[in-house]
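# Structural overview for review
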Amino acid sequence: MGKGKIEEPVDPTAWMLDNEVANFVLVNQKEVLYMCMLGYTYLHGSKVFAAAPKGSSFSYKLVSMILACTGGGILVPLFINAIPVPMANDAYPIAILTSFAIHYYAPIVWEVITLSPMVKACVIVLYEVIRAKVVLTFTLAANAAIAPSLFAFPLFGPIMCGTVSGCGGAFLPLNKGLDPILKGMQSPMTTACIGATMVHLYLNTSLSDGVIAAKQKAHLHLVLFFIAVGLVNGLGLSVSAKKTKKE
C-alpha cells in the first residue's frame, strides 16, 4: 500500500504576509532597507538640528546626530556583548552622513517636507519601519543571549533591551541623565516599551503556539503599531495637539 500524502497545515492568516504592504514594512529587500535607513536618519536629523543650540559647531551637530541615530544600537550590544550597529553595518554610517549633509547644506529640504503632510507622513513611515526592525532584532537577540533564571525564558532583560534599542538615542550623551523623561516618557519610549513587551511575551508563551510564521506576524503588527502612533504624533492628529492649536 502506498503511503498517503502528508497535508501541509493551512495558514488561515497567511494573507497578513502575502501582500506588498507587508513585503515593504518587513524590509524583505535590501533596497527597501537602505531607503528606510535614509528616512530614519533624516527624521532623526531634523530633531537634532532643531534642538541644537544656536551657533553650535559642525562637529557638535554631527556627533549629536550620530548618537541620536545609533543610541540604542550602541547601548544594547554593549549589554549583550555584541558589536554595535554602526560598526557592524557600513550602510548605517553612510545613511547618517548622507542625511547630515542634506540637513547641513540644504536645510530648505526639511522646510519643504514640513509643508506637505503627505511627504512628511512618508518619511515618518520609513522612520518607524526601521525603528520596529531594530526593536524586534534586539529583543530577540537579548532573548537568545540572556540565560533564563526564574522563568522558562528570560523575562525582563529582553524587554529592557528592546525598549532601549527603540529610544536609546534620547539619553545620549549620557550626561543628559534622566532629563529626557523629566516631563514624562516621550512617545518613542512608550511605544518601544509596549512593543518589546508584547512581542517578547507573544513569541515566548503559548500565545504563539501553532502560529505559522509567528515572528514575521509579530513584526508586522509591531511596525503597524509604530507607524500608527508615529503618524498621529508626527502630523499633530492627537487630541492634546489639537487642544494646543486651539489655545
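All values derive from a computational prediction rather than experimental measurement. (Residues numbered from 1 in each chain as written. Predicted model: local features only at pLDDT ≥ 70, side-chain atom pairs only at ≥ 80, totals over all residues. Heavy atoms only, no water.)

### Thoughts on the overall build of the chain
Across its full length, the chain carries 11 helices and zero strands. Tracing the chain from N to C terminus, the helices and strands come up as α-α-α-α-α-α-α-α-α-α-α. Here the C-alpha atoms of the chain give a radius of gyration of 20 Å, agreeing with the 18 Å that 2.2 N^0.38 yields for 247 residues. If one aligns the C-alpha atoms of the chain with their principal axes, the spans along those axes are about 85 × 40 × 40 Å. (Helix = DSSP H or I, 4+ residues; strand = E, 2+ residues; numbered from the N terminus. Rg over C-alpha atoms; globule rule 2.2 N^0.38 Å.)

### What about the environment of tryptophan 110?
For tryptophan 110, the location among the structural elements is in helix H6 (residues 108-115). Tryptophan 110 gets classed as buried once you look at its relative accessible area, which sits at 18%. Sequence-wise, tryptophan 110 and glutamate 8 are 102 residues apart; in three dimensions their C-alpha atoms are separated by 51 Å. Residues contacting tryptophan 110, with those up to four places away along its chain left out, are Tyr42, Leu43, Ser46, His103 and Lys120. (Buried < 20%, exposed > 50% of the residue type's maximum accessible area, 1.4 Å probe, protein only. Contact = heavy atoms within 4.5 Å.)

### Points about the environment of glycine 72
Relative to the assigned elements, glycine 72 resides in helix H3 (residues 58-79). The sequence separation of glycine 72 and phenylalanine 49 amounts to 23 residues, and the corresponding C-alpha distance is 20 Å. If near-sequence neighbours (up to four positions away) are discounted, glycine 72 is found in contact with Pro77, Phe138, Val164, Ser165, Gly168 and Gly169.

### Re the side chain of arginine 131
Along the chain, arginine 131 turns up in helix H7 (residues 117-145). You can call arginine 131 buried: its relative accessible area is 3%. Among the polar contacts made by the side chain of arginine 131, one reaches the side chain of glutamate 128 at a distance of 3.0 Å. Beyond its immediate chain neighbours, meaning those up to four positions away, arginine 131 contacts Tyr40, Gly166, Pro188, Thr191, Ala192 and Phe226. (Polar contact = N/O pair within 3.5 Å; in protein donor to acceptor, adjacent residues only side chain to side chain.)

### Things to note about the pattern of salt bridges
Scanning all chains against the criterion turns up two salt bridges. Residue aspartate 11 pairs with lysine 217 through a salt bridge whose shortest N-O separation is 2.8 Å. Here the residue aspartate 11 occupies a position in the segment before helix H1 (20-25), and lysine 217 occupies one in helix H10 (residues 214-234), the gap between them amounting to 206 residues. Residue classification places lysine 217 among the buried positions, given a relative accessible area of 4%. The closest approach of N and O atoms between arginine 131 and glutamate 128, which form a salt bridge, is 3.0 Å. In this pair, arginine 131 and glutamate 128 both sit in helix H7, three residues apart, roughly one turn of the helix. Taken individually, arginine 131 and glutamate 128 each receive the classification buried, so the pair is uniform in this respect. (Salt bridge = Lys/Arg side-chain N within 4 Å of Asp/Glu carboxyl O.)

### Regarding H3
Between the first and last C-alpha of H3 there are 31 Å, a value that for 22 residues agrees with the 32 Å anticipated at 1.5 Å per step. Along H3, the helix axis deviates most sharply at threonine 70, where the bend reaches about 65°. (Expected span 1.5 Å × (residues − 1). Bend = angle between axes of the 7 residues up to and from the residue.)

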